[in-house]
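Architecture at a glance
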Amino acid sequence: MRQLIIIVACFAFIACEEAPLFSGTYDGALNAPSSFSIFPGTDLALISNTNISLQESSGSILVYDMNAQMLLEDTRFFTTNFGAHPLIDEGRERILIPDLDKYLRFYSYSIPGQGGAAISFAQEVISPAISNTLTNAIELDDIPSDIKLIDTQNHGELYVVVSQLGTITVIDADTLTVMDLNEKDRYEGLRLTSALTIGQSKGFPAKGVNRLFHDPDSNLLFATSGSSNFVYIFDPEHLENEGVLSFLSISGTTTGIRAIAIDSNQQAYIAHAGLESLLVVDFSSIVDNGISFEVIEPSIIKMIP
């Protein structure tokens, strides 16, 4: 216990020292890695560095060689701070990064890269540009945080973005046209809601959602928040709210839904930090059934502490 007190005291002392906002002495490559995505058909993976401690002037992306088991520091490309969940669009050789500042940023990549590098990155110029200094972005609803590429029969390929405002923004992947799904507000994204809150004419009941998960079998999207016991379901085929999964009967006021993975048997594995457990849930009945705004009580198969 005495050793612990000394360590805490040392950290407290360090935190009190005055220091510049950006440090020029940091020479590492990963000061805040936040995601790991594999480039399809390769042994290369994309790592997003969010620079959350502001040790550098900007966040970055760089590549990990899974075959050689090494970080390729020569591929590092500076992007934006807090871009935690980038999307790799293989068909368009594009990387999209929600930057938490109402923008979606675009970057191109090439494999193999230039100058002998395994991969090269560059800013992708979007027309019309937002400004002379921001040429690779389009504007979205407040605090976009996660993105998925969805193929639909009705609308073709779509970029679907969840914003912490509590909305889903849909973008045509070919034309980069942002669809206006909210004509009444200044925001363009659809408010995530359900039968529990549909009567609210104002406000955003799903405010705080920050992650988006896709079920390839049902083609539905699930938006989660660590401070909520609801999982909002969005139907990209019809651009509407399918409903909400309510975990109130299981966890009550204990919140903390962090992530969802769905296997080929339509079992979902839900990481619930508040319950300190992994919930195994039957997702086989969660489909686009033509009924909007449903409130669904999930069928729990088991809880793994």
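Every chain's residues receive numbers from 1 upward, in the order its sequence appears when written. In keeping with the predicted nature of the model, local features appear solely for residues at pLDDT of at least 70, side-chain atom pairs appear and are counted solely at 80 or more, and the whole-chain, interface and lining totals rest on all residues. Excluded from the side-chain calculations are hydrogens and water; all other atoms, namely the structure's heavy atoms, are used.

As a further point, take the environment of serine 284. By the secondary structure assignment, serine 284 is in the loop between strand S20 (277–282) and strand S21 (294–296). Assessed through its relative accessible area of 43%, serine 284 is described here as partly exposed. As for serine 284 and aspartate 217, which are separated by 67 residues in sequence, their C-alpha atoms are 9.3 Å apart. A polar atom in the side chain of serine 284 sits 2.7 Å from the side chain of aspartate 282. The helix and strand labels rest on DSSP assignments: H or I over at least four residues marks a helix, E over at least two residues marks a strand, and numbering proceeds from the N terminus. The rule is simple: take the accessible area with a 1.4 Å probe, protein chains only, and divide by the maximum for that residue type; under 20% is buried, over 50% is exposed, in between is partly exposed. In the analysis that follows, any N or O atom pair within 3.5 Å is treated as a polar contact, provided that within protein one partner can donate a hydrogen and the other can accept it, and provided that, for residues neighboring in sequence, both atoms belong to side chains.

As a further point, take the side chain of asparagine 49. Checked against the element boundaries, asparagine 49 lands in strand S2 (residues 44–49). Not counting chain neighbours up to four residues away, the residues in contact with asparagine 49 comprise Ala29, Leu30, Asn31, Ala32, Pro33, Glu56, Gly59 and Ser60. Contacts are assigned to residue pairs that have any heavy atoms within 4.5 Å of one another.

To pair, rings of Phe, Tyr and Trp, with the six-membered ring standing in for Trp, must have centres within 6.5 Å; the planes then decide the type, stacked if under 30 degrees apart, edge-to-face if over 60, and tilted in the middle. Using the criterion set out here, one finds 7 aromatic pairs in the structure. Measuring from ring centre to ring centre gives 6.1 Å for phenylalanine 36 and tyrosine 64, while their planes differ by 55°; the resulting arrangement is tilted. Residue phenylalanine 36 is located in strand S1 (residues 33–38), and its partner tyrosine 64 is located in strand S3 (residues 60–65); the two are separated by 28 residues in the primary sequence. Owing to a relative accessible area of 45%, phenylalanine 36 belongs among the partly exposed residues under this scheme. Centroid distance phenylalanine 77 to tyrosine 107: 6.0 Å. Interplanar angle 80°. Geometry classified as edge-to-face.

What follows concerns the pattern of salt bridges. Salt bridge, as applied in this entry: a Lys or Arg side-chain nitrogen positioned within 4 Å of an Asp or Glu carboxyl oxygen. Considering all chains together, one arrives at 9 salt bridges under this definition. The shortest N-O distance in the salt bridge between aspartate 89 and arginine 92 comes to 2.9 Å. Exposure remark for arginine 92: the relative accessible area of 23% places this residue in the partly exposed category. For arginine 211, the salt bridge is made with aspartate 146, and the minimal N-O distance between the two is 3.0 Å. You can see arginine 211 sitting in strand S14 (residues 211–215) and its partner aspartate 146 sitting in strand S10 (residues 144–152), a full 65 residues away along the chain. Owing to a relative accessible area of 22%, arginine 211 belongs among the partly exposed residues under this scheme. Beyond isolated ion pairs, a larger network of salt bridges with shared partners links Asp89, Arg92, Glu157 and Asp174.

A separate point is the environment of serine 299. Structurally, serine 299 can be placed in strand S22 (residues 299–304). Distance from serine 299 to serine 285, taken between C-alpha atoms, is 9.3 Å for residues 14 residues apart in sequence. Ignoring any residue separated from it by four or fewer positions in sequence, one finds serine 299 in contact with Val280, Val281 and Asp282.

On to the sheet that holds strand S15 (residues 220–224). Two strands form a pair only when DSSP identifies at least two bridges running between them. The sheet built from 5 strands is open, its strands ordered S14-S15-S16-S17-S21 with mixed pairing. On the outer flanks of this sheet lie S14 and S21, each paired with one strand and no other. Each strand of the sheet is rotated relative to its neighbour by a mean of 25°, with strand direction disregarded. Strand direction decides the pairing type here: strand S17 (residues 240–246) and S21, joined by 3 bridges, are parallel. Among the inter-strand pairings, valine 244 is bridged to a residue of S21, identified as valine 295. Inter-axis angles, ranging from 0 to 180 degrees, are taken between N-to-C directions of lines fitted to C-alpha atoms, where helices are fitted over the stretch in contact.

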